[in-house]
Amino acid sequence: MFIVSLTYKVPLDQIDAHLAEHVEWLKAGYASGVFIASGRKIPRDGGIIMAGGDRDRLQEILKGDPFHRHDLADYVITEFEPSMTANGFERMAGI
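Remember, predicted model here, so these are calculated numbers, not experimental data.

Criteria and cut-off values
- Residues numbered from 1 in each chain as written.
- Predicted model: local features only at pLDDT ≥ 70, side-chain atom pairs only at ≥ 80, totals over all residues.
- Heavy atoms only, no water.
- Phe/Tyr/Trp six-rings, centres within 6.5 Å; stacked < 30°, edge-to-face > 60°.
- Helix = DSSP H or I, 4+ residues; strand = E, 2+ residues; numbered from the N terminus.
- Buried < 20%, exposed > 50% of the residue type's maximum accessible area, 1.4 Å probe, protein only.
- Core = buried A, V, L, I, M, F, W, Y, C linked by side-chain atoms within 4.5 Å.
- Contact = heavy atoms within 4.5 Å.
- Pairing = 2+ DSSP bridges.
- Axes fitted to C-alpha atoms, helices over the stretch in contact; angles between N-to-C directions.

> Would you mind going over the packing of aromatic side chains in detail, with residue names and values included?
Going through the model one piece at a time under the given rule, you end up with three aromatic pairs. Here the aromatic rings of Y8 and F67 are separated by 5.8 Å at their centres, their planes lie at 90 degrees, and the arrangement is edge-to-face. Of this pair, Y8 sits in strand 1 (residues 2-8) while F67 is found in helix 4 (residues 66-69), placing the two residues 59 residues apart along the sequence. For the pair Y8 and F67, one class covers both residues: buried. When the ring of Y30 is compared with that of F35, the centres are 5.9 Å apart and the planes differ by 85 degrees; the resulting orientation is edge-to-face. Taken together, the aromatic side chains of W25, Y30 and F35 make up a single cluster linked through ring pairs.

> Tell me about the nonpolar core, and please be specific about residues and values.
In this structure, V4, F35, L58 and F67 are the most contacted members of the largest nonpolar core, which totals 19 residues. If you tally residues by element for this core, the top one is strand 1, at four residues. For F35, the contacting residues outside a window of four places in its chain are W25, L26, G29, Y30, I49, M50, A51, L58 and I61.

> Summarise the sheet that holds strand 1; cite the residues concerned and give the values.
Taken in spatial order, the four strands line up as 2-3-1-4 in an open sheet, and their pairing is antiparallel. Strand pairing shows two members of the sheet lacking a second neighbour, strand 2 (35-40) and strand 4 (73-79), which therefore form its edges. Averaged over neighbouring strand pairs, the angle between their axes works out to 15 degrees when direction is ignored. Taken together, the six bridges between strand 1 and strand 3 (residues 46-51) define a ladder with antiparallel strand orientation. Along strand 3, the bridge assignment pairs S5 with I48. Helix-sheet contacts for helix 2 (residues 19-31) involve strand 1, strand 2 and strand 3, and the interaxial angle to strand 2 is about 160 degrees.

By themselves, these observations are geometric and do not establish any function.
The structure is reproduced here in structure tokens:
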């Protein structure tokens, strides 16, 4: 499992100009079964994506993000192996 941390490199007006396209890209990531959860950081200086699958596939998917294509954000991928989960999240321990 992976946590992808995005940090914006540009002002929010440039982020917002690509936000609708970014959301469509996120929806495709969910439809593919790779993305598990996502959302904005607070304060709004980036975002977080939780993902499954393998690192190579995830890196290829991230290259398609409009924020990546337009050089709007930096990405840090952290891999971890969940050993415990809250009730209702048991599936994540097997990802």
